[in-house]
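# Per-entry structural report
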Amino acid sequence: MRTERAQMEDRPDIVAVMVGIAVEGPYSYRVPPGMAVARGSIVAVPLGPRLIQGVVWGPPKDVVAHSRLRDIAHAYDVPQLSEELLKLVEWVAKYTLAAPGQVLRAVLRSTEALDAPKPVVAYRRTGREPEKLTPARLRVLDALMDDLAWPKSALIGATGVSPSVIDGLERAGAVEKLEMPPPPVVLPPDPDTDIATLSEAQQQALAQITALDPHQFGVALLDGVTGGGKTEVFFEAVADTLRAGRQALILLPEIALTNTFISRFTKRFGTKPAEWHSDMTPLQRARVWRGVLDGTVRAVVGARSALFLPFRELGMLVLDEEHDGAYKQADGITYHARDMAVVRAHLSNARVILSSATPSVETRNNANVGRYAHVLLTSRFAEASMPNITAIDMRIDGPEKGQWIAPLLAREVFAALDRGEQALLFLNRRGYAPLTLCKSCGHQYQCPDCSAWMVEHRFRGVLMCHHCGHEVRTPKVCEKCGDTESLTAVGPGIERIAEEAAARFPDAKRVILSSDMGSNAQLRERFSEIERGEFDLIIGTQLVSKGHHFEKLSVVGVLDADLGLAHGDPRAAEKTFQILTQVAGRAGRASKTGKAFLQTYHPDHAVMKAMVSGDREAFYAHELMAREAGGLPPFGRLAALIVSANEHDAAMNFAKKLLSAAPMADGVRLFGPADAPVAMVRGRHRVRLLAQSGKDFDLSGYVRFWLGSAEKVTGNLRVQVDIDPMSFM
Ligand SMILES: [Zn+2]
Ligand SMILES: [Zn+2]
């Protein structure tokens, strides 16, 4: 960069500016006299008829006549973006094949953040008494006795007077109006507030992490059972980073649902963390963004997009539940937050902690080969131990027809309820039934726009497509043959399990947890109620598997342990293993040993065997061997190309042309084109191509070259590229 900066000094009047829209590279602009900008400066530039945000990227790439250029309209009075953040933008664009401007937009997302923060209106006593003293005026003056300035809103809140009372006092000369800088969005966390007393195992784990040079890039896999005390360990590592004067970022997969984590952070560091997720208002986001950039915000707890916050002194990144699928962004820039966190840490000379009870196979492999420090936290915290896991063979010991809970599981749930403990019934499928079928004519209800069944949601009285959200009222008459009383719900969803549970366990206080059962705020409240023991029987989807601490829970039943294994997805076994382990790990988290039951038709599958025997090493060994044999990640690379169009033939024909235009390259194998497993979504037909290569091959570069040399898409054709796909739908 030194050379680029030097060049900028040679021609300070022309710079390249990257704008936050999907363009491939920066444009040249003139720097008007009196304006000083450098690489990383955030500016507003004219583009066509509008003004748009951008970032000064460096000297212009090509020589353009000075007179043809337009001036930078405005340079914002905020610190420059750091060199490593600009490099991250370039890296992500290159790797995911997104346009650099599109990635930059993920950085610049907040417009309010760039203007000077609005001052707060506050009032202070002048010492002069007003001529007329009403009770309301007296309350205000009493509140201001301490001679400090009070923000207007706080003053109104404390005294209950109307704003006009304060205005009147101001006119009477008894109080004066001041403008104060707004308070910081959060107070700085104090690393020494409530230092945890760590167990011996935790101390050893922490020592392994802090042994990583704090000024060098390094990654630690913090690998330990659910409830094993990993959070305490990484909090201490975060404290270590804060003490060293650097910023910390903690990513959580489902932050909007997590009350517990925020309160644990607050207890440990004496103040709330700055949060970053979709439930925040634009103004809250703006203030956090600016605080991160000017350095007043020292620690952020956020969703995956927090990776693009403008940290200047990032020293530590933590990814809790690093295996979680929520870290992959599937739309727009298709990045994986785990991989990008490692890249960002590399650019910032920062440390990374990847924390999980069920690490991804990729991360486990990096630890196995010594690329990451493998920090094992073995003993379960607070004297709890891993649950005993039993497979229920549904071919032999399954429930009676029309029921979904096997007799053995039902007995165990009864026993737990009798003991005053909690039980959990888990099925990772929303709604009442995945299929509605006419018994008379065999008609199956399908979404008109997607190749998917309409899922019945009985509480809401609708059939709904889970791909596009299309809904119809639940029909009473078959739309095909007109028969009444002939429509049947086939298979269970979570609502149907709840119905069976109500009939079998009528005295239990029951709660259903499913992402369609309320707002995030309502779901957070449900979780708190469960943690307080207000329910006996929890019936839930994947939502319940994530990071919640239910102390009284002692029995977990997984109603369809095979659910994830059905797809032709190379990660199916891993995903199933992870979710089953996470759900089973909810049992027995306090002092009791829990029990978990897996209802399965495949008790001999490697995943089920590893679960029952508690031998996760066997699972990883088996899975790594299978991946290596297939040349699959982490031993190979994959890139998916999804061609979509309004007509099936258009998509398929273009995909065939793409395939024939593919450049020859050693070790690259191409598969397809084939209709995607979900062959139509929102009325668009989808055809997939898959490229596979060795792990040291630049597959992103190959695909970029391929698409660059192939025919361009026209009309309603689209080609979407997914490097390192996690889903094969
Ligand atoms: Zn029918
Ligand atoms: Zn649909």
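Residues numbered from 1 in each chain as written. Chains lettered and ligands numbered in written order. Predicted model: local features only at pLDDT ≥ 70, side-chain atom pairs only at ≥ 80, totals over all residues. Heavy atoms only, no water.

## Side note on the environment of Gly491
In plain terms, the rule: The way it works is that DSSP assigns letters per residue, a run of H or I at least four long becomes a helix, a run of E at least two long becomes a strand, and they are numbered from the N terminus. We call two residues in contact whenever any of their non-hydrogen atoms come within 4.5 Å of each other.
Mapped onto the elements, Gly491 comes out in the loop between strand 22 (487-490) and helix 15 (494-504). For Gly491 and His374, which are 117 residues apart along the polypeptide, the C-alpha to C-alpha distance reads 42 Å. When residues no more than four places from it in sequence are discounted, the contact partners of Gly491 are Trp404, Tyr432, Ala433, Pro434 and Arg496.

## Thoughts on helix 17 (residues 572-584)
This is how it is decided: Between the first and last residue of a helix there are one fewer steps than residues, each counted as 1.5 Å, and that sum is the expected span. Classification of residues uses two cut-offs on accessible area relative to the type maximum, computed with a 1.4 Å probe and protein chains only: under 20% is buried, over 50% is exposed, and between them is partly exposed.
Between its first and last C-alpha, helix 17 extends 18 Å over 13 residues, near the 18 Å set by a 1.5 Å rise per residue. With 12 of its 13 residues buried, helix 17 lies for the most part within the structure. Looking at helix 17, one finds that the buried residues are Ala572, Ala573, Glu574, Thr576, Phe577, Gln578, Ile579, Leu580, Thr581, Gln582, Val583 and Ala584.

## Some words on the coordination of the zinc ion (ligand 2)
Going by this rule: Think of the donor list as every N, O and S atom within 2.8 Å of the metal, or within 3.2 Å for Na, K and Ca; water never makes the list, so a site can look incomplete. A site with four donors is called tetrahedral when every donor-metal-donor angle falls between 85 and 135 degrees; four donors are called square planar, and six octahedral, when opposite donors sit more than 155 degrees apart and all other angles fall between 65 and 115; any other arrangement is irregular.
For the zinc ion (ligand 2), every protein donor is listed as Cys447 (SG), Cys450 (SG), Cys465 (SG) and Cys468 (SG), and the spread of their distances is 2.3 Å. In this structure, the zinc ion (ligand 2) is coordinated by 4 donor atoms arranged in tetrahedral fashion, with angles at the metal of 107 to 114°.

## Thoughts on the pairing of strand 13 (residues 314-320)
Here is the rule: Note on pairing: DSSP must find at least two bridges between two strands before they are called paired. For crossovers, right-handed means that the path from the first strand over the helix to the second runs clockwise, given strands pointing away from the viewer.
For strand 13, the tally of buried residues reaches 7 of 7 residues, placing the bulk of the element in the interior. Examined bridge by bridge, strand 10 (residues 247-251) and strand 13 share 5 bridges and lie parallel to one another. Each residue of the ladder has a partner; that of Leu249, found in strand 13, is Leu317. Where strand 13 lies against strand 14 (residues 351-356), 5 bridges are found, and the strand directions are parallel. Considered in strand 14, the bridge of Leu317 is made with Val352. For the crossover from strand 13 across helix 11 (residues 337-348) to strand 14, the handedness is right-handed.

## Quick notes on the coordination of the zinc ion (ligand 1)
A metal bound by six donors in octahedral fashion has ideal angles of 90 or 180 degrees, whereas one bound by four tetrahedral donors has an ideal angle of 109.5 degrees. The protein atoms that coordinate the zinc ion (ligand 1) are Cys438 (SG), Cys441 (SG), Cys478 (SG) and Cys481 (SG), at distances of 2.2 to 2.5 Å. Between the 4 donor atoms coordinating the zinc ion (ligand 1), the angles at the centre fall across 106 to 112°, so the site counts as tetrahedral. Here the donor residues for the zinc ion (ligand 1) map to a single chain with the spacing C-x2-C-x36-C-x2-C. The exposure class of Cys478 is buried, given its relative accessible area of 3%.

## Some details on the UniProt feature "domain: Helicase ATP-binding" (unreviewed entry) in the chain
Heads up, the condition is: UniProt positions are given in the numbering used here, feature names are shortened, and annotations may be inferred rather than shown by experiment.
This chain's UniProt record puts "domain: Helicase ATP-binding" (unreviewed entry) on residues 211-377. The span residues 211-377 carries 35% helix and 22% strand; its end-to-end C-alpha distance comes to 16 Å.

## Considering the sheet that holds strand 6 (residues 120-125)
Condition: Simply put, an axis is a line fit to the C-alpha atoms, just over the touching stretch for a helix, and the angle between two N-to-C directions goes from 0 to 180 degrees.
Read across the sheet, 3 strands follow the order 7-6-8 without closing on themselves; strand pairing throughout is antiparallel. The open sheet has two edge strands with one neighbour each: strand 7 (150-151) and strand 8 (175-180). Pairing between strand 6 and strand 8: 6 bridges, direction antiparallel. Of the residues in strand 8, the one forming a bridge with Arg125 is Val175. Running over the sheet, helix 6 (residues 163-171) touches strand 6 and strand 8 and is turned about 110° from strand 8.

## Structural notes on helix 11
Compared with the 16 Å implied by 1.5 Å per residue over 12 residues, the 16 Å span of helix 11 between its first and last C-alpha is a close match. The buried fraction of helix 11 amounts to 9 of the 12 residues, a majority that puts the element mostly inside the structure. Buried residues of helix 11: Ala337, Arg338, Met340, Ala341, Val342, Val343, Arg344, Ala345 and Ser348, and no others. If you follow the buried residues of helix 11, they end up packed against helix 2 (83-96), strand 9 (218-224), strand 10, strand 13, strand 14 and helix 12 (361-368). Where helix 11 ends, the next residue or the one after it, Asn349, has phi of about 50°, a positive value.

## A word on the sheet that holds strand 5 (residues 74-75)
On the basis of which strands lie adjacent, the open sheet formed by 5 strands has the order 2-1-4-3-5 and antiparallel pairing. Of all the strands in the sheet, just strand 2 (27-30) and strand 5 have a single pairing partner and so form its edges. As paired elements, strand 1 (residues 14-19) and strand 4 (residues 50-58) share 4 bridges and run antiparallel to each other. Its bridge partner lying in strand 4, Val17 is registered against Val56.

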